[in-house]
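What follows is the residue order along each chain.
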Amino acid sequence: MDALDIARWQFGITTVYHFLFVPLTIGLSFLVAGLQTAWVRTGREHWLRLTRFYGKLLLINVAVGVVTGLVQEFQFGMNWSEFSRFAGDVIGGPLVIEALLAFFLESTFLGLWIFGWDRLPRRVHLGCIWATAIGSALSAYVILAANSWMQHPVGYRIDDATGRAVLTDFWALLTNKVTLITVPHTLAGCFLVAGALVVAVAVWQLRHRGDAAFRSALRLGGWTTLIAAVALALTGDTQGKIMTDVQPMKMAAAEALYRTEQPAAFSVLTVGSLDGQREVFTIKVPWLLSFLATGDINGEVLGIHDLQAQYAASYGPGSYLPNIPVTYWGFRFMIGFGMLAAAIAAWALWAHRRGRTPTSRWLTRACLILPLLPLAANSAGWIFTEMGRQPWLTFGQFRTADGVSPGVSTTEVIASLTVFTLLYTILAVVEARLLIKYATAALPASTPAAPDEDDSDRERPLAFAY
């Protein structure tokens, strides 16, 4: 492999790894904010205890996630300087906004929330966690706007003198139709991750400790997971149609559809080479691919061969096929893992109905893997999204092969990949051990909470028990 291949592996590994933390941070920050809101409104102690319990898991995840996120932007200069020269005027704006506005908003108010339990008025303290959650969502929006421009470039022109992309309409960048559907789809995935974690921890706690407070957590996590799964299905349906419009090759690759069909079936499972030559066994749903791609069960879906000819005529000679096995299976793993997570959450809710305590060993075992399923679905979805865009970094404008830094050697990239992989492995072990340790601990006892506006004169010992 040359420097380009290693650089792609490094960016893929570090990005997928970082995104293991992002959805949990976003989704869990909103759920913790909801738990604290319930406590502020009702005054019931179990809501406060759950807030502090799941808030601790949130802080562990944020701490590791921030460290892994710092590497992402450095790679644009380290390994992808040519792409940075081409697209920096466009995607630089969203990246700066994410760092200077959204991330600072998130981190500042998270700090106030951490250290303000016994110092801030109760509602002001509640506002801090909501500001943190909103800041995390804003971070996601602007980052996804930059990525969506790479999928479907809008609001720019190519400078004739330099060959660089120049931003001409920032509003068009933020309201890119790919952005407008990718953001809700991604946020729904974040809530799927957070809801699954809350359910898994609640089921374990109810079975092993019997703390009744986790009944409320189980209901919150279960319904969050199911609602997120429905939202994913609805937004994913719209996203598929937009994807077919702006990147038809990606949809064809998702089905390994080599010949244009009308109507087109969707294969749930295929055993064969996925090269259009050898198909041993397949399970297909008639008309489904046509509906997913066009909204019409009789719609035409262009095949890979026809699209290759169109692209060659538009962009010049060369292969415009992405990695078909990766896109085909990535699409199915994304859907399958997400559906399985929703099914386990529904099972947990059913086992909890009418105040029952879940006692099934199989449910407990299923919940041990439950938090991993939406993470795997998210990872598969992003691998499909990015690999399906190949051979482009910016679709139709800038090829991946042209984006790597010219002065970087294969040895240098291998060295950085090795260091990052080892470091991230260590961080993964630390994160997993901390999450398991605190997720299986007993609920914290009620401690002095945020003061009301009229009791500022009372003695307030440090109540931050994290």
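Quick notes on the rules
Note on numbering: residues in each chain are counted from 1, in written sequence order. Only residues with pLDDT of 70 or above have their local features reported here, since the model is predicted, and side-chain atom pairs are shown and tallied only from 80 upward, although totals for entire chains, interfaces and linings are computed over all residues. For side-chain calculations, the full set of non-hydrogen atoms in the structure is used, while hydrogens and water are omitted. Working convention: axes come from line fits to C-alpha atoms, limited for helices to the stretch in contact. Angles between N-to-C directions cover 0 to 180 degrees. Helix and strand definitions follow DSSP, with helices as H or I runs of at least four residues and strands as E runs of at least two, each counted in order from the N terminus. Angle categories are assigned with fixed cut-offs, so that under 35 degrees is roughly parallel, over 145 is roughly antiparallel, 65 to 115 is roughly perpendicular, and the rest are oblique. Contacts were defined at the residue level, with two residues in contact if any of their heavy atoms lie within 4.5 Å. Throughout this entry, Asp, Glu, Lys and Arg are counted as charged residues, while Ala, Val, Leu, Ile, Met, Phe, Trp, Tyr, Cys and Pro are counted as nonpolar. The remaining residues, Gly among them, count as polar. We count a salt bridge whenever a side-chain nitrogen from Lys or Arg sits within 4 Å of a carboxyl oxygen from Asp or Glu. For every residue, the accessible area obtained with a 1.4 Å probe (protein chains only) is divided by the maximum for its type, and the residue is called buried under 20%, exposed over 50%, and partly exposed between those limits. Residues adjacent in sequence count toward polar contacts only when both atoms are side-chain atoms; beyond that, a polar contact is any pair of N or O atoms within 3.5 Å, and within protein one must be able to donate a hydrogen and the other to accept it. As used in this record, nonpolar core signifies buried Ala, Val, Leu, Ile, Met, Phe, Trp, Tyr and Cys residues forming a set joined through side-chain atoms within 4.5 Å.

Student: What is the right way to read the packing of helix 7 (residues 177-208) against helix 14 (residues 372-389) from this model?
Tutor: Describing two packed helices takes the angle between their axes plus the distance from one axis to the other. Following both chains from N to C, one finds helix 7 and helix 14 inclined at 155°, their axes separated by 9 Å at the closest point. Comparing the axis directions of helix 7 and helix 14 gives the class roughly antiparallel. Here Thr186, Gly189, Leu192, Val193 and Ala196 of helix 7 come into contact with helix 14, specifically with Pro374, Leu375, Asn378 and Trp382. Of the residues belonging to the contact of helix 7 with helix 14, the class tally is six nonpolar, three polar and no charged.

Student: How should the pattern of salt bridges be read in this particular structure?
Tutor: Considering all chains together, one arrives at eight salt bridges under this definition. With its nearest N and O atoms 2.5 Å apart, the salt bridge here joins Arg85 to Glu82. Of this pair, Arg85 and Glu82 both sit in helix 4 (residues 81-115), three residues apart, which is roughly one turn of that helix. The exposure class assigned to Arg85 is partly exposed, which follows from its relative accessible area of 46%.

Student: Sorry, what's going on with unusual backbone geometry here?
Tutor: Outside of glycine, negative phi angles account for most residues, and trans bonds account for most peptide bonds. Residues Gln262 and Pro263 are joined by a peptide bond in cis, for which omega reads -5°. Turning to its location among the elements, Pro263 is positioned in the loop between helix 9 (248-255) and strand 3 (266-272). Cis peptide bonds are those with omega within 30 degrees of zero, and the linkage from Gln390 to Pro391 qualifies with 15°. Residue placement: Pro391 occurs in the loop between helix 14 and strand 5 (392-394).

Student: Honestly, the side chain of Gln75 in this entry has me stumped. Any pointers?
Tutor: Within the secondary structure, Gln75 sits in helix 3 (residues 45-78). A distance of 3.2 Å separates a polar atom in the side chain of Gln75 from a polar atom in the side chain of Gln10.

Student: It is not clear to me how the nonpolar core should be interpreted in this structure. Could you clarify?
Tutor: The nonpolar side chains of a soluble globular protein tend to be buried with one another. Ranked by size, the top nonpolar core spans 54 residues in total, and within it Leu28, Leu50, Tyr54, Leu57, Trp113 and Phe214 carry the most contacts. The dominant element in this core, judged by the number of residues it contributes, is helix 7, at 11 residues. Leaving out residues up to four positions away in the same chain, Leu57 has contacts with Leu28, Leu197, Val201, Leu435, Tyr438 and Ala439. With 23 residues, the next largest nonpolar core counts Leu4, Trp80, Phe86 and Leu417 among its residues.

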